[in-house]
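# Descriptive structure summary
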Amino acid sequence: MIKAPDWSIERLRGMETPQLKQLLANAEKRGASDIAARCEEVLAERGPAPRGTASSGRATLAKSSPVRRTGRDVVREFHFVCENDRGVSTDGEGFFWTGSWIVSEEEVIKAIEAGAKVALHKSRTDLSYRQGKILDYRKTARDMVKKRNIGIEFLIAADDVPLAWFGDGTGEKGYRWASDAPNSKQA
């Protein structure tokens, strides 16, 4: 029996960026979203790709400049590709829970305190079809084979203002950081 490789965050952090990008591309092709999410998380820690290109080298809609993230930086918008409301449920008039996403709980807490938003997109090229301010979150179990099986669902106060995709990754999520805004001021 062949043992599957250990794709832990620690192992991924030890990989060179080109290797990590190739693993991300392979994971996306094979539908291994858990591995792809971990690759994106490690790539995000290393900072964004140069403006106008995704980590795969193809053009992207991202409008961010290559900024090194600091501990004080905060996510202002979470963007997720979520076809057909996958995992979305309503919670009263004007409120909904997103599906489960692998994101840093620490970043989520800081984002909520800063009044961040979530935007759900059919694809990275489409405006969001659901969006709004994050009110709360909950941890949820995800159907994954590997150890990292905890996701985050967001409780959203919906609004009617679609958002364009923002983010440098090649997968199903993108972040707009406070430092991505023109003339942003960090406290």
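What you see is a predicted model; the values in this text were computed from it and never measured.

Here is what the cut-offs are and how they apply
- Residues numbered from 1 in each chain as written.
- Predicted model: local features only at pLDDT ≥ 70, side-chain atom pairs only at ≥ 80, totals over all residues.
- Heavy atoms only, no water.
- Helix = DSSP H or I, 4+ residues; strand = E, 2+ residues; numbered from the N terminus.
- Buried < 20%, exposed > 50% of the residue type's maximum accessible area, 1.4 Å probe, protein only.
- Contact = heavy atoms within 4.5 Å.
- pLDDT = per-residue confidence, 0-100.
- Pairing = 2+ DSSP bridges.
- Axes fitted to C-alpha atoms, helices over the stretch in contact; angles between N-to-C directions.
- Expected span 1.5 Å × (residues − 1).
- Arc of directions from axis to C-beta.
- Core = buried A, V, L, I, M, F, W, Y, C linked by side-chain atoms within 4.5 Å.
- Salt bridge = Lys/Arg side-chain N within 4 Å of Asp/Glu carboxyl O.

Along its length, the protein chain carries four helices and seven strands. Element order for the protein chain, N to C, with α for helix and β for strand: α-α-α-β-β-β-α-β-β-β-β. Looking at the protein chain residue by residue over its 187 residues, the buried ones come to 44%. A separation threshold of at least 6 residues defines the contact pool for the protein chain, and within that pool the share at least 24 residues apart is 65%.

Across the protein chain, pLDDT averages 79, with 76% of residues at or above 70. Throughout residues 183-187 the model reports pLDDT below 50, and contacts reaching past four residues in sequence, or to other chains, amount to seven contacts.

Note: strands within a sheet are paired through backbone hydrogen bonds, in either parallel or antiparallel orientation. A sheet is described by the order of its strands in space; here seven strands give the open sequence E2-E3-E6-E5-E4-E1-E7, paired in mixed fashion. The two strands at the open ends of the sheet, each matched to only one other strand, are strand E2 (89-90) and strand E7 (173-177). As paired strands, E2 and strand E3 (residues 95-97) are joined by two bridges and run antiparallel to one another. Note that in E3 the partner of Ser89 across the bridge is Trp97. Strands strand E1 (75-81), strand E5 (130-141), strand E6 (150-158) and E7 of the sheet are contacted by helix H4 (residues 105-113), whose axis makes an angle of about 145° with E5.

Across its 13 residues, helix H2 (residues 17-29) extends 18 Å between first and last C-alpha, which sits within 8% of the 18 Å expected from 1.5 Å per residue. Taken together, the buried positions of H2 are Leu20, Leu23, Leu24 and Ala27. The arc that holds the buried residues of H2, viewed along the axis, is 105°, so those residues lie on one side. Away from the buried face of H2 by more than 90 degrees, exposed residues Pro18 and Lys29 are located. Among the structural elements, helix H1 (9-13) and helix H3 (33-45) are those in contact with the buried residues of H2.

The subject of this paragraph is the nonpolar core. Of all hydrophobic cores here, the largest spans 21 residues; its most connected members are Phe78, Phe80, Val103, Val118, Leu120, Ile134 and Phe154. Contributions of two or more residues to this core are made by E1, H4, strand E4 (117-121), E6 and E7. Contact partners of Leu120, with chain neighbours within four places excluded, come to Phe80, Cys82, Val88, Phe96, Thr98, Ser128, Tyr129 and Arg130.

Here the focus is the pattern of salt bridges. Scanning all chains against the criterion turns up seven salt bridges. Between Arg130 and Asp85 there is a salt bridge; the shortest N-O distance is 2.9 Å. Remark: Asp85 occurs in the loop between E1 and E2 and Arg130 occurs in strand E5; sequence separation between them is 45 residues. What makes Arg130 partly exposed here is its relative accessible area of 23%. For the salt bridge of Lys110 with Glu107, the shortest nitrogen-to-oxygen distance reads 3.6 Å. Residue Lys110 and its partner Glu107 are both found in helix H4; the two are separated by three residues, about one turn of the helix.

On to unusual backbone geometry, then. Phi at Asn84 takes a positive value of approximately 55°, unusual for a residue other than glycine. Tracing the sequence through the fold places Asn84 in the loop between E1 and E2. The backbone of Asp85 sits at a positive phi, close to 55°, despite the residue not being glycine. Residue classification places Asp85 among the partly exposed positions, given a relative accessible area of 26%.

If a strand is regular, its side chains alternate between the two faces of the sheet. Summarising burial for E4: four of the five residues are buried, a large majority. Across five bridges, E1 lies against E4 in parallel orientation. Along E4, the bridge assignment pairs Phe78 with Val118. One ladder, built from four bridges, connects E4 with E5; its direction is antiparallel. Within E5, the position partnered with Lys117 by the bridge is Lys133.

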